[in-house]
Amino acid sequence: MDKIHISHIQNQIQKAGATLLVVSKTRQIEQIQFLYDMGFRDMGENRVQSLMERIEALPNDINWHVIGHLQKNKVKYIAEFVSLIHSVDSLELLQTIDKEAKKHDRIIPVLFQCKVAEEDSKFGIAVEDVDQFVDDFYDLKLENVVVHGIMGMGTLTENSEKTRSEFRELKEVFDGLKAKYFSDQKSFKELSMGMSGDYEIALEEGSTMVRLGSVLFG
Ligand SMILES: *Cc1c(COP(=O)(O)O)cnc(C)c1O
């Protein structure tokens, strides 16, 4: 791992006004500690089991994010401390998060995961269904969940114009929801998009949070 390389990436992201989320999945504790020592405090895992192991092994002032598909029966393990859940794509999951948050007297921030990539992924809300999803969310009147924005992934492709148009579509969804549903909510401000292979395009297209693993850890 190379401090100069990592600082360069961090500068790029800071200049764009975005946040770097360190995706620590599959990495050794020493590698994650290296980034912690460089000052990084936002870390993301896609599996609850590994998240719980990391919490035991690392300092306790890390903001932990869940970025992968989250099963309802796992929410109880993370409800006490999770900073942001990026991967919310069902009302049942929202209800569970709300219920578990209540037990800890917390309001848990979430992102709605939206699907723009061509790949036939099982996860994410289709763009044409997003408005209905938010309408249904409001009907539930959940008190212990707050929506901070949306998350999305681009298709894994060498075609950067395709990636760009998908990120542009996510930005349109974000702006549309902001205008229609969240205009009075300052906390609706995160557009989580961009990974190691496409984060520069994501920043150009308005990402506020890039999720980086391999480009940092090498
Ligand atoms: C693994 C993962 C990332 C980071 O991927 P890299 O290509 O290693 O940067 C970002 N987002 C999600 C949802 C992931 O699962």
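Quick summary incoming for the structure in this document.

This paragraph deals with the overall build of the protein chain. Looking only at helices and strands, the protein chain has 9 helices and 9 strands in total. Since a compact globule built from 218 residues should have a radius of gyration of about 17 Å, the 17 Å found for the protein chain is in line with a globular shape. Its C-alpha atoms give the protein chain principal-axis dimensions of roughly 50 × 40 × 30 Å. Counting the 218 residues in the protein chain, one finds 50% classified as buried. Nonlocal contacts in the protein chain, meaning residues at least 24 apart in sequence, comprise 59% of its contacts between residues at least 6 apart. For the protein chain, the distance from the average site of its 26 positive side-chain charges to the average site of its 36 negative ones is 3 Å.

A separate point is the site of the ligand. In the neighbourhood of the ligand, the contacting residues comprise Val23, Lys25, Asn46, Ile67, Met153, Met195, Ser196, Arg211, Leu212, Gly213 and Ser214. Ser214 is positioned with one of its backbone polar atoms (N or O) 2.8 Å from an oxygen atom of the ligand. For the ligand, whose unbound accessible area comes to 390 Å², protein coverage reaches 86%. Its atoms largely coinciding with the cavity grid, the ligand occupies the largest pocket.

Bringing the layout of surface pockets into the picture now. Looking at the largest pocket, its volume works out to about 780 Å³. Looking at the largest pocket, it is lined by 33 residues, and the ones nearest its centre are Lys25, Met153, Gly154, Met195 and Arg211. Taken together, the elements giving at least two residues each to the lining of the largest pocket come down to strand S5 (108-115), strand S7 (145-153), helix H7 (160-180) and strand S9 (209-212). The dominant element in the lining of the largest pocket, judged by the number of residues it contributes, is S5, at 3 residues. Counted by class, the lining of the largest pocket contains 12 nonpolar, 14 polar and 7 charged residues.

Among all positions in helix H3 (residues 48-57), only Val48, Ser50, Leu51 and Arg54 are buried. End-on, the buried residues of H3 take up no more than an arc of 155°, which puts them together on one face. On the buried face of H3, the contacting elements are helix H2 (29-37), strand S2 (42-45), strand S3 (63-66) and helix H4 (75-78).

Our next topic: the pattern of salt bridges. Evaluation of the coordinates by the stated rule reveals 12 salt bridges. Notably, a salt bridge pairs Glu45 with Arg54, separated by 2.7 Å at the nearest N-O pair. Judged by relative accessible area, Glu45 falls into the buried class, the value being 1%. Arg168 is the partner of Glu205 in a salt bridge, and the nearest nitrogen-oxygen pair spans 3.0 Å. Linking Glu205 in the loop between helix H8 (199-204) and S9 with Arg168 in helix H7, this pair joins segments that are 37 residues apart in sequence. Connected via shared salt-bridge partners are Glu161, Arg164, Arg168, Glu204 and Glu205.

Here the focus is the pairing of strand S1 (residues 19-23). Summarising burial for S1: 4 of the 5 residues are buried, a large majority. Relative to S9, S1 is paired through 4 bridges, and the arrangement is parallel. Paired with Val22 across the strands is Leu212, a residue of S9. The pairing of S1 with S2 spans 2 bridges and is classified as parallel. Among the inter-strand pairings, Val23 is bridged to a residue of S2, identified as Gly44. Crossover handedness for the path S1 to H2 to S2: right-handed.

Once that is clear, we can look at the packing of helix H6 (residues 130-140) against H7. At a minimum axis separation of 11 Å, H6 and H7 run at an interaxial angle of 35°. For H6 against H7, the interelement crossing comes out right-handed. Taking contact as the criterion, the partners of Val130, Asp131 and Val134 in H6 are, on H7, Val173, Leu177 and Lys180. Tallied by class, the residues present in the contact of H6 with H7 amount to 4 nonpolar, no polar and 2 charged.

The rules behind each value
Residues numbered from 1 in each chain as written. Predicted model: local features only at pLDDT ≥ 70, side-chain atom pairs only at ≥ 80, totals over all residues. Heavy atoms only, no water. Helix = DSSP H or I, 4+ residues; strand = E, 2+ residues; numbered from the N terminus. Rg over C-alpha atoms; globule rule 2.2 N^0.38 Å. Buried < 20%, exposed > 50% of the residue type's maximum accessible area, 1.4 Å probe, protein only. Contact = heavy atoms within 4.5 Å. Lys, Arg positive; Asp, Glu negative; His and termini not counted. Charge placed at Lys NZ, Arg CZ, Asp CG, Glu CD. Near = heavy atom within 4 Å. Polar contact = N/O pair within 3.5 Å; in protein donor to acceptor, adjacent residues only side chain to side chain. Areas by Shrake-Rupley, 256 points an atom, 1.4 Å probe, with all protein chains shown as cover. 1 Å grid on protein atoms, 1.4 Å probe; cavity = no way out; pocket = protein on both sides within 12 Å on 5 of 7 lines; lining within 4 Å. Sits in = over half its atoms within 2 Å of the grid points. Points joined across faces, edges and corners; volume = space filled by probe spheres on them. Nonpolar A, V, L, I, M, F, W, Y, C, P; charged D, E, K, R; others polar. Arc of directions from axis to C-beta. Salt bridge = Lys/Arg side-chain N within 4 Å of Asp/Glu carboxyl O. Pairing = 2+ DSSP bridges. Right-handed = clockwise from strand over helix to strand, strands pointing away. Axes fitted to C-alpha atoms, helices over the stretch in contact; angles between N-to-C directions. Left-handed = near helix turned anticlockwise from the far one by under 90°.

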